[in-house]
Every structure is written in C-alpha cells, then in structure tokens.
Amino acid sequence: MKIKIQTLVRLQNAEIDIHRVEKALAVAPKRFDELTVERQRLADAVQAAEAHLAELNKRYRELEGEARQQQDRAAKRGARLHEVKTNKEYQATLKEIDDIKAIVSGVEDEMLTLLDTIEAAKRNLETKKQDVADRSQVLADEAAAVEQAMAEDRKRLEALRQEREEIAGRVDPELMPIYLKARVQQPDQRAVAGVVNGVCQGCHMNIPPQLYNELQRQDDLKICPLCQRIIYWQNET
Ligand SMILES: [Zn+2]
C-alpha cells in the first residue's frame, strides 16, 4: 500500500505542477498585452505633443503674416502723408497710422506670449520623447522575457503531461477511480494528503487516534473522515 500511495502522491504532484504552469501560461499573454498598451500610450503621447507644437507654430506664422500685413498698411498710409491736401486729412491719416500700429503692437504681444508657449511645448515634446527612450528598452526586454518564459513553460508543460501519463500508467487500477473521485470533491484538486502527528495535512484536523494507529501499519487504503481525502502516514522526514 505504501508504494501505491507514493505513486498517487507523485501523480498528484505532477498534476499540481501542470496546473501551476497552465496558470502561468494563461496570465503571461495579459502581461504581454499590458506592455504593448504601455508602448502604444508612450508613442501616442509623443504624437500628441508633436501635433500640439505644430499647431502653435502654425498660429505663430499666422500672426507673423498678420503683423507684416498691418505694417505694410501703415507704411502705405505713411507714404501717402505728403500727398494729402488738408490738415484734417493729414490728422486723419496720422490717426489711422496710430490705430494700425496699435493693432501691430497687440499682435506682437500675442506672438511673444506664444513664443513662451512654444518653448514649453518643445520641452514637453522632449520629455515625452525621453519617456519613450527610457521605457522602450525596459518594455522590450520585459516582453522578450515574457515570451521566453512562455516558451519554456510550454516545453515544461509538455514534459509534465508526459510525466503525468507515465505515472498514471503505474497507478493501481483499483486506486485510480478512488483517486479521481476524491480529486473532484476537493476545491484545491488535492486528493491525497499526508498525516503528520495525527493531523491530516489536507484539512488540518486531527484524525481519530484509532485510524492514526491503523494508518501507520500502511496495509490498506484509508480516507480522512473529515475531508474525504486519501490519507497516508507521513513521517516528518
Ligand atoms: Zn482531512
């Protein structure tokens, strides 16, 4: 019976390993997706900063054009000053030139303010580009590590499944259905549990002393009366 139970424990260990690797393989693609999303987010931020800067530069060129246009207007009015016939007309033209100069001054103020905004936008763009430079290698390295771990896990899973089949082939045919039935009943899928100092390691409860005595003889199959797991006497060593 001891050997039979040992085979069951090995089967259970293989199944637990399989479950663990399967879980890791299920989680890994999610991490891979997260890394892709972060890389995309960083690239989008650079693009948005570039678009914002381009928009500001466009506005600056518009203002430049407007200032030039107004200055031309003022120059034309100025050229006309010596052609005017009356003092009234002269004063009116001077007033017109002053008004245009006021407009030019307003436009130039806006251009100055805009230059500060453009400088800030340039710094923001540099920061976003630096973020990409800082993170892209880290993200690429992690993505590669995730891929490598997945490849290793797939290999390991294949080996474990093969190992499980080999062990399953050595399990006593009468024990297998009992094992499978006990496994289905356990939320953690652990159908076999050792008993240490009278305590079932499956449910952590004391089994009856009589049962514990019988268990140590290891001559037939015992079930924990509390959790229904197949139990065996597990020496501390
Ligand atoms: Zn138990």
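These numbers were taken from a predicted model, which means no experiment stands behind them. (Residues numbered from 1 in each chain as written. Predicted model: local features only at pLDDT ≥ 70, side-chain atom pairs only at ≥ 80, totals over all residues. Heavy atoms only, no water.)

A. Highlighting the sheet that holds strand E1 (residues 192-196). Here we have four strands laid out as an open sheet, ordered E2-E1-E4-E3, and mixed in their pairing. For this open sheet the edge positions go to strand E2 (199-200) and strand E3 (222-223), each flanked by a neighbour on one side alone. Relative to E2, E1 is paired through two bridges, and the arrangement is antiparallel. Among the inter-strand pairings, valine 195 is bridged to a residue of E2, identified as cysteine 200. (Pairing = 2+ DSSP bridges. Helix = DSSP H or I, 4+ residues; strand = E, 2+ residues; numbered from the N terminus.)

B. How the structure looks around the environment of glutamate 126. Tracing the chain through its elements places glutamate 126 in helix H2 (residues 87-170). Through-space distance from the C-alpha of glutamate 126 to that of proline 177 is 67 Å; in sequence the pair is 51 residues apart.

C. Layout of the domain arrangement of the chain. Along its sequence, the chain is organised into domain 1 (17-170) and domain 2 (175-233). When each unit is reduced to the centre of its C-alpha atoms, the spacing between domain 1 and domain 2 is 64 Å. (Domains from an automatic or database assignment.)

D. Spatial organisation of the pattern of salt bridges. The final tally for this structure, using the stated rule, is 20 salt bridges. Arginine 135 is the partner of glutamate 38 in a salt bridge, and the nearest nitrogen-oxygen pair spans 3.0 Å. Highlighted residues: glutamate 38 in helix H1 (residues 2-80) and arginine 135 in helix H2, separated in sequence by 97 residues. Given a relative accessible area of 18%, glutamate 38 falls into the buried group. Taking the relative accessible area as the measure of exposure, arginine 135 reaches 29% and is therefore partly exposed. Between aspartate 220 and lysine 222 there is a salt bridge, with its nearest N and O atoms 3.0 Å apart. Here aspartate 220 falls in the partly exposed class, since its relative accessible area comes to 39%. We classify lysine 222 as buried; its relative accessible area is 12%. (Salt bridge = Lys/Arg side-chain N within 4 Å of Asp/Glu carboxyl O. Buried < 20%, exposed > 50% of the residue type's maximum accessible area, 1.4 Å probe, protein only.)

E. Focus on the packing of H1 against helix H3 (residues 175-185). At their nearest, the axes of H1 and H3 sit 12 Å apart, and the two run at 45° to each other. Of the possible angle classes, the one that applies to H1 and H3 is oblique. H3 is crossed by H1, and the crossing has right-handed handedness. Taken together, the residues of H3 that come into contact with H1 (itself represented by Lys4, Leu8, Leu11, Gln12 and Glu15) are Leu175, Met176, Tyr179 and Arg183. Within the contact of H1 with H3, the residues separate by chemical class into five nonpolar, one polar and three charged. (Axes fitted to C-alpha atoms, helices over the stretch in contact; angles between N-to-C directions. Parallel < 35°, antiparallel > 145°, perpendicular 65-115°, else oblique. Left-handed = near helix turned anticlockwise from the far one by under 90°. Contact = heavy atoms within 4.5 Å. Nonpolar A, V, L, I, M, F, W, Y, C, P; charged D, E, K, R; others polar.)

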